[in-house]
Amino acid sequence: MAKLLLGCIADDFTGATDLANNLVRAGMRVVQAIGVPATPLDAEVDAVVVALKSRTIAPAEAIAQSLEALRWLQAQGAQQIYFKYCSTFDSTPQGNIGPVTEALMEALKCGFTIATPAFPDNKRTVFKGYLFAGEVLLNESGMQNHPLTPMTDPNLVRVLQAQCTRKVGLIDHAVVARGAAAVTERIEQLQGEGVSIAIVDAVSNDDLLRLGPALAKMPLVTAGSGVAIGLPANFGLAPSSQASALPTAGGLRAVVSGSCSLATNRQVLDFIQRGGAALAVDPLRIAAGVDVAAEALAWAAPLVQKQPVLVYSTAEAGAVKSVQGKLGVEEAGAMVERTIAAIARGLVERGVRQLVVAGGETSGACVQALGIAQMQIGPQIDPGVPWCHARTDVEGLPVHIALKSGNFGGDDFFTKAFTVLG
Ligand SMILES: Nc1ncnc2c1ncn2[C@@H]1O[C@H](COP(=O)(O)OP(=O)(O)OP(=O)(O)O)[C@@H](O)[C@H]1O
Ligand SMILES: O=C(O)[C@@H](O)C(=O)CO
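Residues numbered from 1 in each chain as written. Chains lettered and ligands numbered in written order. Predicted model: local features only at pLDDT ≥ 70, side-chain atom pairs only at ≥ 80, totals over all residues. Heavy atoms only, no water.

Here the focus is the overall build of the protein chain. Tallying secondary structure elements over the protein chain gives 14 helices and 18 strands in all. Computed over C-alpha atoms, the radius of gyration of the protein chain comes to 21 Å, within 12% of the 22 Å expected from 2.2 N^0.38 for 422 residues, which places it in the range of a compact globule. A separation of at least 24 residues holds for 75% of the contacts in the protein chain among residues at least 6 apart in sequence. Just so you have it, the protein chain exposes about 16300 Å², and 53% of that area is on carbon and sulfur atoms. (Helix = DSSP H or I, 4+ residues; strand = E, 2+ residues; numbered from the N terminus. Rg over C-alpha atoms; globule rule 2.2 N^0.38 Å. Contact = heavy atoms within 4.5 Å. Areas by Shrake-Rupley, 256 points an atom, 1.4 Å probe, with all protein chains shown as cover.)

Following this line, the structure appears as structure tokens:
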């Protein structure tokens, strides 16, 4: 068995495919495992991304799951570990970015690591330690109102320090601009000052590519997906179309969406305005006991033979709040996720082999409903979202599947996705 070059631990499912996508584009062959695999790796790949759902669970549980993933990756011979979190640094005041980072450092006897969510391809940039989402600071981007991980402070040194016992410092843009040797020098200086984790500025892919060589000997790297573009070169790998080759796609095409982000709302509207076949799922009818999944599948069955179909619960903030007010936030979420996941499975049972899923939680529910354990990463649709290929437990059938983070993708994403597969 070939040795794994890079072993990755991601704190959610769509974030894991985002990271895998950047590694593939930089030349690595990558699989994504859903949870920590029970058996040794049996694929010829350069990197494995273990997808956890550890972003908002209790810190002790996030640490336990991350260390279990670390042990599995080490058993496969991983030469370097990458802890992937969100490009908007989603965390609660307690973590889990800080606690998991420190636990991994401890386990790896790693004296120094970096932390940067910068992902310029998706307009996440870090300057002087401050995180920008698009044109505005993180705390003005809408993230200050996130229901689970409200981000009210854009200063990442402060945010991470509040979650860590180790000292957190900054490698600022003036250093990164001077290249890898300057970064290495700054790391030595910071270590002399007792700092063991540094937020790193990056406002462009060039910054991330300059940073890459300085990370070659670090046992642990922690970041969003952006830093990944600079790592494969450290292992002598270069971008190649081979790394993203997937089996030829066939079968019927569908989109299921449980994401209520602004981007997904625009994508649903765009699909409908182009004349796409679309059906809205009403959470209140699910709550009233109607078999909404069966209805949706009956609607989709004839249409999907001729064209891609979209089944969505996507709604604007006001409508979501009203449903949550009636059903409760968690209950509404869980009910809609179960329904969308049942529809995804039903669609695959009816011949869909190219499936787009929108929303992080929704993706988790769909991947689990389809019994997917491992995904091979293919070509990018839009930054952060690749097509993947996976075996399901629906008669062992394979599907091409794309898991879209709520905020990612252009307005035409649901149309463009299928043109990428050809
Ligand atoms: N119409 C609706 N009313 C209430 N809740 C909904 C509705 N539609 C979807 N939901 C729930 O909202 C949540 C959406 O979360 P999900 O993670 O899937 O999307 P997202 O937050 O846009 O994506 P990401 O986490 O990738 O940013 C899910 O729990 C889903 O079931
Ligand atoms: O980094 C991001 O923004 C995404 O990969 C993500 O983690 C969404 O949940």
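Now for unusual backbone geometry. The omega angle of the peptide bond from G95 to N96 is 20°, so this bond is cis rather than trans. Structurally, N96 is set in the loop between β4 (80–84) and α3 (97–108). The backbone of F89 shows a phi angle near 55°, a positive value even though the residue is not glycine. Here F89 lies in the loop between β4 and α3. The class for F89 is buried, based on a relative accessible area of 0%. Non-glycine residue K109 carries a positive phi angle of around 50°. Take K109: it is sitting in the loop between α3 and β5 (113–116). Given a relative accessible area of 74%, K109 falls into the exposed group. (Buried < 20%, exposed > 50% of the residue type's maximum accessible area, 1.4 Å probe, protein only.)

A separate point is the domain arrangement of the protein chain. Where interface size is given, it is often the accessible area lost as the parts come together that is meant. Along its sequence, the protein chain is organised into domain 1 (6–240) and domain 2 (245–421). Just the C-alpha atoms count here: the centres of domain 1 and domain 2 sit 28 Å apart. Between domain 1 and domain 2 lies a buried interface of about 1800 Å² when both sides are counted; carbon and sulfur atoms form 57% of it. It is T14, N21 and I34 in domain 1 that bury the most area against domain 2; as a group they hold 29% of the surface buried on that side. K53 is the partner of E361 in a salt bridge, and the nearest nitrogen-oxygen pair spans 3.0 Å. Counting every contact that joins domain 1 to domain 2 gives 8 residue pairs in polar contact (both at pLDDT 80 or more). (Domains from an automatic or database assignment. Buried area = accessible area lost by both parts, 1.4 Å probe. Salt bridge = Lys/Arg side-chain N within 4 Å of Asp/Glu carboxyl O. Polar contact = N/O pair within 3.5 Å; in protein donor to acceptor, adjacent residues only side chain to side chain.)

Within the structure shown, the criterion is met by 17 salt bridges. Measuring nitrogen to oxygen at the nearest pair gives 2.5 Å for the salt bridge that ties D270 to R274. Each of the salt bridges in this network shares a partner with another, and the network as a whole consists of D11, D12, R55 and D90.

Another point: the confidence of the model for the protein chain. In the predicted model, the protein chain carries a mean pLDDT of 96, and the fraction of residues at 70 or more is 99%. Model confidence for the complex is summarised by a pTM of 0.94, with the ipTM given as 0.98. (pLDDT = per-residue confidence, 0-100.)

Let us look at the site of ligand 2. Taken together, D12, T14, G15, D18, R55, K84, Y85, C86, S87, S405 and F408 make up the full set of residues near ligand 2. Side-chain polar atom of R55 to an oxygen atom of ligand 2: 2.8 Å apart, as the coordinates give it. A distance of 2.6 Å separates an oxygen atom of ligand 2 from a polar atom in the side chain of S87. A total of 270 Å² of accessible area belongs to ligand 2 in isolation, and the protein chains cover 92% of it. Grouping the constituent residues of the shell around ligand 2 by class yields 3 nonpolar, 4 polar and 4 charged. (Near = heavy atom within 4 Å. Nonpolar A, V, L, I, M, F, W, Y, C, P; charged D, E, K, R; others polar.)

Next up on the list: the packing of aromatic side chains. This model, assessed by the stated rule, comprises 5 aromatic pairs. Consider the rings of F83 and Y85, whose centres lie 5.4 Å apart with planes at 75°: the pair is edge-to-face. Given a relative accessible area of 2%, F83 falls into the buried group. Ring centres of Y85 and F89 lie 5.3 Å apart, and the angle between their planes is 85°; this geometry places the pair in the edge-to-face category. Comparing Y85 with F89, the two get one shared label, buried. A cation over a ring is seen here: K53 above F13, with NZ or CZ 5.4 Å from the ring centre. Here the guanidinium or amino end of R253 rests over the ring plane of F418, the centre of that ring lying 5.8 Å away. (Phe/Tyr/Trp six-rings, centres within 6.5 Å; stacked < 30°, edge-to-face > 60°. Lys NZ or Arg CZ within 6 Å of the ring centre and 35° of its normal.)

With that out of the way, let us pick up the packing of helix α12 (residues 329–349) against helix α13 (residues 360–369). To characterise two packed helices, one gives the angle between the axes of the helices and the distance between these axes. At a minimum axis separation of 8 Å, α12 and α13 run at an interaxial angle of 45°. Between α12 and α13, the angle falls in the class oblique. Of the two possible hands of crossing, α12 and α13 adopt the one that is right-handed. Facing α12, whose interface residues are E337, I340, A341, A344 and R345, α13 presents E361, T362, A365, C366 and A369. (Axes fitted to C-alpha atoms, helices over the stretch in contact; angles between N-to-C directions. Parallel < 35°, antiparallel > 145°, perpendicular 65-115°, else oblique. Left-handed = near helix turned anticlockwise from the far one by under 90°.)

Turning to the nonpolar core, a few remarks are in order. L23, V48, Y82, V256, L355 and I401 are the most contacted members of the largest nonpolar core, which has 121 residues in total. With 8 residues, α12 is the single largest residue contributor to this core. Among residues more than four places away in sequence, those in contact with I401 are L355, V357, L370, I372, M375, P386, W387, C388 and A390. In this structure, F271, V356, F413 and F418 belong to the second largest nonpolar core, which totals 19 residues. (Core = buried A, V, L, I, M, F, W, Y, C linked by side-chain atoms within 4.5 Å.)

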